[in-house]
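Structure at a glance
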Amino acid sequence: MFSAVQVVKTYGFGETSVRALGQVSVGFESGRFTAIKGPSGSGKSTLMHCLAGLDTITSGQIWVGGTELSTLSDRDLTRPRRDRIGFIFQAFNLVPHLSALKNITLPLALTGRPHGPGLMDHLVGVPGIGGRLSHGSAELSGGQQQRVAIVRGLISRPAVVFADEPTGNLDSRSSDEVLSLLQSLTMDRGQTTVMVTHDGATAACAHRAVLLSDNRVVNDIPAPSVASVVAAMAGLRGASSPR
Ligand SMILES: Nc1ncnc2c1ncn2[C@@H]1O[C@H](COP(=O)(O)OP(=O)(O)OP(=O)(O)O)[C@@H](O)[C@H]1O
């Protein structure tokens, strides 16, 4: 279980301060794929950064299992951030001169952990990248690069993977392929995955959609469909688009 309890995040001080999160409480059950969706400026990225220990909170608590992340010093956060949290970014962030395989196994190499004996068999079966493991990552298409980044994000079996607009740079066909890989890997492995997205159809690929507006959680939709997400977004004050 990963959770935020009554989290407040304020940037700056005095008259110029900005409240990015106001008393946000939300929990993410193990093994589920949750989308966080909301209008621009509603606090999605701030929530993700605070949950991941990449940004400090003003008040409240962040918990990963039995560990309260929000009380740890930056130094003490290094290990849980490295070992328990994975990231997938919009911009892929692969190392261009390394092969797809080397990029995928980089988190294991950095922590000195061996990979399991079935890893290669498993990777060869990943749609769209199985035949390209020895290619340099710069030689891959955007969709292939994001699939490599997804497998890399999950390789060390972190307690939770945060995906920040993972399809934001992709065309619709590549987006569908990337989302279906993210869905199947999360389901097969019982991985806890939290994805930030602007897009209703992308949010509908998750098991659950948490909607933010005005820096608060305003809706929590189990088994979201495109229609239920669009209807919920249409009711939000300040929704930038009904997508
Ligand atoms: N470093 C910062 N300093 C000051 N204000 C910030 C900072 N980061 C975010 N904010 C403000 O906090 C609020 C929430 O921003 P955040 O980036 O979390 O929203 P978002 O929902 O992710 O938006 P978008 O969809 O446009 O990326 C906004 O008003 C933003 O301007």
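Residues numbered from 1 in each chain as written. Predicted model: local features only at pLDDT ≥ 70, side-chain atom pairs only at ≥ 80, totals over all residues. Heavy atoms only, no water.

Per an unreviewed UniProt entry, the protein chain is named ABC transporter ATP-binding protein, and its organism is Kineosporia mesophila.

Comments concerning the confidence of the model for the protein chain
Averaged over every residue, the pLDDT of the protein chain is 87; the share at 70 or more is 96%. Here helix 4 (residues 119-124) is the element of the protein chain with the lowest mean pLDDT, 73, and strand 9 (residues 208-213) is the one with the highest, 96. Between residues 239-243, whose pLDDT stays under 50, and residues either more than four places distant or in other chains, the model counts eleven contacts. (pLDDT = per-residue confidence, 0-100. Helix = DSSP H or I, 4+ residues; strand = E, 2+ residues; numbered from the N terminus. Contact = heavy atoms within 4.5 Å.)

A word on the site of the ligand
Looking at the ligand, the residues that line it are Y11, V18, A20, P39, S40, G41, S42, G43, K44, S45, T46 and H198. With respect to the ligand, the backbone of G43 contributes an N or O atom lying 3.0 Å from an oxygen atom. Protein chains shield 59% of the accessible area of the ligand, which is 640 Å² for the free molecule. At the level of secondary structure, the elements contributing two or more residues to the shell around the ligand comprise strand 2 (18-28) and helix 1 (44-51). Sorting elements by how many residues they give to the shell around the ligand places helix 1 first, with three residues. Along the lines of polarity and charge, the residues of the shell around the ligand split into four nonpolar, seven polar and one charged. (Near = heavy atom within 4 Å. Polar contact = N/O pair within 3.5 Å; in protein donor to acceptor, adjacent residues only side chain to side chain. Areas by Shrake-Rupley, 256 points an atom, 1.4 Å probe, with all protein chains shown as cover. Nonpolar A, V, L, I, M, F, W, Y, C, P; charged D, E, K, R; others polar.)

Details of the packing of helix 3 (residues 100-111) against helix 5 (residues 142-155)
Describing two packed helices takes the angle between their axes plus the distance from one axis to the other. Helix 5 packs onto helix 3 with a crossing angle of 25 degrees between their chain directions and a minimal axis gap of 7 Å. Our classification of the angle between helix 3 and helix 5 gives roughly parallel. Seen from above, helix 3 lies across helix 5 with right-handed handedness. When helix 3 is examined against helix 5, the residues A100, N103, I104, P107 and L108 are found in contact with a partner set consisting of V148, V151, R152 and I155. Partitioning the contact of helix 3 with helix 5 into residue classes produces seven nonpolar, one polar and one charged. (Axes fitted to C-alpha atoms, helices over the stretch in contact; angles between N-to-C directions. Parallel < 35°, antiparallel > 145°, perpendicular 65-115°, else oblique. Left-handed = near helix turned anticlockwise from the far one by under 90°.)

Concerning the sheet that holds strand 8 (residues 192-197)
The sheet built from six strands is open, its strands ordered 6-7-8-3-9-10 with mixed pairing. Either end of the sheet is taken by a strand with one partner, and the two such strands are strand 6 (85-88) and strand 10 (216-222). Across the sheet, the mean angle from the axis of one strand to that of its neighbour is 20 degrees, orientation sign disregarded. The strands that helix 2 (residues 74-84) touches are strand 6 and strand 7 (160-164); relative to strand 6, the one it contacts most, it runs at about 60 degrees. Set on the sheet, helix 5 makes contact with strand 6 and strand 7; between it and strand 6 the angle comes to about 175 degrees. (Pairing = 2+ DSSP bridges.)

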